[in-house]
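Reading the structure
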Amino acid sequence: MSDEPEGPLTALREQSRKGVQYLLNYMLANAEQYLLGLAGKAEGRGEQANLYEAMRELRLKRRALEEKFATAVMSGIDDFSANPAPPPPAPTKPTEPAPLSLQAGALGLMHEQRLEESLMVENVASRARIDHREALLALGRHVSAQTGQRRVDIDALPVGPLALTKHFMQVCNDIEVSPQSRLIFVKVFSRFIIEELGPFYAQCLAGLPVEDDDAAEQVRAAGIEAMAPMDLPTGERHDERPRASAPQPQAEIAWDNARTPLLVAPGKGMAMPRNLLDEILLRLQQQLLDRKKPLANLNPKAGILPFEIFELINAELEEMGQAKPLALSLEVIETVNLVRLLFEHALRDQNVVQPVRRLVRLLQIPVLRAALKDPDVLTGAEHPVRALFREIGTASIGCAPQGDPGGDAFFRLLQSLVGRIIGGFGTDLAIFSICLQELRAYLLTEQGRARLLERHTLTAEMGRSEREAAREAVRKIVAGAVDGTPLPRALTDFLRGSWSDALFVIRLQDGTDSAAWGTGVETTGKLVALVARGDADGFGDLAGPLRDGLRRLGLDAAAATAQVGALEQAVIACATAGAVDSPVAPPNPVRVRPPASPEFLQLVDKLAPDTWVEFRLPGHPPARARLLTMFQKTGEFLFVNREGAKAGDWKRDDLAAAMQFGEAVILTGPTAPSGPSAGGRWGRR
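The present account deals with the structure reproduced in this document. (Residues numbered from 1 in each chain as written. Predicted model: local features only at pLDDT ≥ 70, side-chain atom pairs only at ≥ 80, totals over all residues. Heavy atoms only, no water.)

1. Considerations on the overall build of the chain
- When helices and strands are tallied, the chain shows 25 helices and eight strands.
- Every one of the 685 residues in the chain was classed for burial, and the buried ones make up 44%.
- In the chain, the share of contacts with a sequence separation of at least 24, taken over all contacts with a separation of at least 6, comes to 76%.
- When the accessible area of the chain is evaluated, it comes to approximately 35,100 Å², of which 53% is carbon and sulfur surface. (Helix = DSSP H or I, 4+ residues; strand = E, 2+ residues; numbered from the N terminus. Buried < 20%, exposed > 50% of the residue type's maximum accessible area, 1.4 Å probe, protein only. Contact = heavy atoms within 4.5 Å. Areas by Shrake-Rupley, 256 points an atom, 1.4 Å probe, with all protein chains shown as cover.)

In structure tokens, the structure reads:
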């Protein structure tokens, strides 16, 4: 006699039980090693102590966590089978964005740690929903067929990412996981459960009956498809790499009445009132913030296509109960096309990183509403809407967040501005002006900080550059004086040691035009020539300048006299015996790759300050830096990041070779190669 409950989702329950056991075994087998790795990378002792405490707590409560999580998932399937989730309610008719309540409950106030935990859980679940969308749709079709529901929201699936995360957090509550360990448990859950849902869903689908692809099933699948979120509002898609394609001419819109029965071509129905159109677009705008009902086809590679917007409008007309077909005016159709072209042009700009482009895509509906309210949005380049759009693109050129973009201050500001526009743009376009002012104020503040840090960076690098130039000059002087001449070991050690240090100090302190520097260079040549001739008698004329030079190192008179005396004895001994050391040939430098071509050397010579370059070095993530200056004495190009801190320095030949081999790419700047820059793309229509 089977212990499994009989019901419409029995097969799914059995397959899910096997999949859950796999996930738990995988997590518990690898969690401790994962936490040890995090502890090794921890920045402070407090963070490290929390990781060790979480590891200890996981050891103590792993059996209870395993049993309760498996039981919770199975109970969730049983509850869903007995009480299927009701269809989502029809949205209420919006007029303006809902005002914020001043009550604590409405504001969602909670403990800061629980808020961070809630955001993390929502984020990992949403990403998993995108990654495994096809499997969730297949499970939704099975659940729909077994329960008789016409439309199933994949967020409500009992084995969906959201349900699994809720079960896990409830289990953490039940087994009383300490507050400092909860976030760490969520990281472990995300790494070994959420990121490994592929095999789990494959197990869930294994053994489920294959359904007939009849008309009723197609209708049900279409209902599930409509409810399935396409993407997070700013979530990354894996098909966003641009493909080269020839621009297609704008063809006349071919109306498909089967797809938009309530929205027809101009002249085929009563014209849609402008206030009704704005009301519908406002509903669509508000759906951008509703993760349970995102816009269909929200995130193609270049914005929402015109006919997709018409389909969205048609769907809203259906939900509003509209019976007679309505037509859009030619002016509205033209505006839809122009706004789409504006976003298509900007979103294809590879100089702006994907996280920023994904975020800006959310503004297409608000900008369309603004353009329909005020025609100057599309005709006036300095209109606040256009200016905000353009300046976001220009300011984003230096934004290249690695890993989680939420850790970048500029990206967080953009998130705030975009969220405020989506949630607060009703009838007044002033919100765009307010956001534009905030963006400019932030950039002005950041530029001030960057310039201050740039000055400190430049001062430090100028000192380093001067030191490098002085050392190189001393090296050349000593090498030129020797020039392959056989010299005794005592003299070569003196020239490359104490005397080189003395010349270095004189060069830095007195400069190349000073008498002390001239005397030092002259003394070097005379000393080498004297030893080469074997003329020990002439050493007495050089003893004074040698002692003076050594005194510049900070040696007292006795120490300087002792060194010069020892050198004199070595020179006399060499002249008497005639024995010298053979010159040592310098090692041949190993050239890793051929030198840069003249074309790229000329390109480097034309680089001007404020040129942005993206470095794509092997083994390193792409990084963007701005050219601050070039030091003439050393030929080094100094680069800084967006905050003004040093990002690297390059020799002329190395930088040219990097550009030739695609490891350094010029993005924008005063002397950038001809082509659309980030600001240009975002600034044009």
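Back to the text.
2. Thoughts on the environment of Gln-350
- Mapping Gln-350 onto the fold places it in the loop between α12 (330-347) and α13 (354-360).
- You can call Gln-350 partly exposed: its relative accessible area is 39%.

3. What to know about the packing of aromatic side chains
- Inspection of the entire model under this criterion finds 14 aromatic pairs.
- Measuring from ring centre to ring centre gives 5.3 Å for Tyr-34 and Phe-192, while their planes differ by 90°; the resulting arrangement is edge-to-face. Taken together, the residues span a long stretch of sequence, with Tyr-34 in helix α1 (residues 10-41) and Phe-192 in helix α7 (residues 179-192) at a distance of 158 residues.
- For Tyr-34, a relative accessible area of 24% corresponds to the partly exposed category.
- Aromatic side chains Phe-615 and Phe-639 sit 5.2 Å apart centroid to centroid with 90° between the ring planes, which places their arrangement in the edge-to-face category. Of this pair, Phe-615 sits in strand β4 (residues 612-615) while Phe-639 sits in strand β6 (residues 636-640), placing them 24 residues apart in sequence. The burial state of Phe-615 is the same as that of Phe-639; both residues are buried.
- One aromatic cluster in this structure is built from Tyr-22, Tyr-26, Tyr-34 and Phe-192.
- The ring of Phe-425 has Arg-369 lying over it, and the distance from NZ or CZ to the ring centre is 4.5 Å.
- Note that Arg-507 overlies the ring of Trp-517, its terminal NZ or CZ placed 5.7 Å from the centroid. (Phe/Tyr/Trp six-rings, centres within 6.5 Å; stacked < 30°, edge-to-face > 60°. Lys NZ or Arg CZ within 6 Å of the ring centre and 35° of its normal.)

4. Topic: the sheet that holds strand β3 (residues 326-327)
- Within the open sheet, the three strands sit side by side as β1-β3-β2. Their pairing is parallel. Sheet topology places β1 (263-264) and β2 (270-271) at the edges, where each strand pairs with a single neighbour.
- Bridge count for β1 against β3 is two bridges, and the pairing is parallel. Each residue of the ladder has a partner; that of Val-264, found in β3, is Ala-327. (Pairing = 2+ DSSP bridges.)

5. Topic: the sheet that holds β4
- The sheet built from five strands is open, its strands ordered β7-β6-β5-β4-β8 with antiparallel pairing. In the strand order of this sheet, the two ends are held by β7 (646-651) and β8 (664-668), each with one partner. Each strand of the sheet is rotated relative to its neighbour by a mean of 40°, with strand direction disregarded.
- Bridge count for β6 against β7 is five bridges, and the pairing is antiparallel. Bridging across to β7, Glu-636 finds its partner in Lys-651.
- Running at roughly 100° to β7, helix α24 (residues 652-660) makes contact with β4, β6, β7 and β8 of the sheet. (Axes fitted to C-alpha atoms, helices over the stretch in contact; angles between N-to-C directions.)

6. Comments concerning the nonpolar core
- Within the largest apolar cluster, 65 residues are counted, with the highest numbers of intra-cluster contacts made by Met-272, Ile-313, Leu-317 and Phe-432.
- Discounting chain neighbours no more than four positions away, the residues touching Leu-317 are Leu-262, Leu-263, Met-272, Leu-276, Ile-280, Gln-322 and Leu-326. (Core = buried A, V, L, I, M, F, W, Y, C linked by side-chain atoms within 4.5 Å.)

7. With respect to the pairing of β4
- Of the two faces of β4, the one lined by Trp-612 and Glu-614 and the one lined by Val-613 and Phe-615 are each fully buried.
- Bridging between β4 and β8 involves four bridges; their strand directions are antiparallel. Following the sheet pairing, Trp-612 is matched in β8 by Thr-668.

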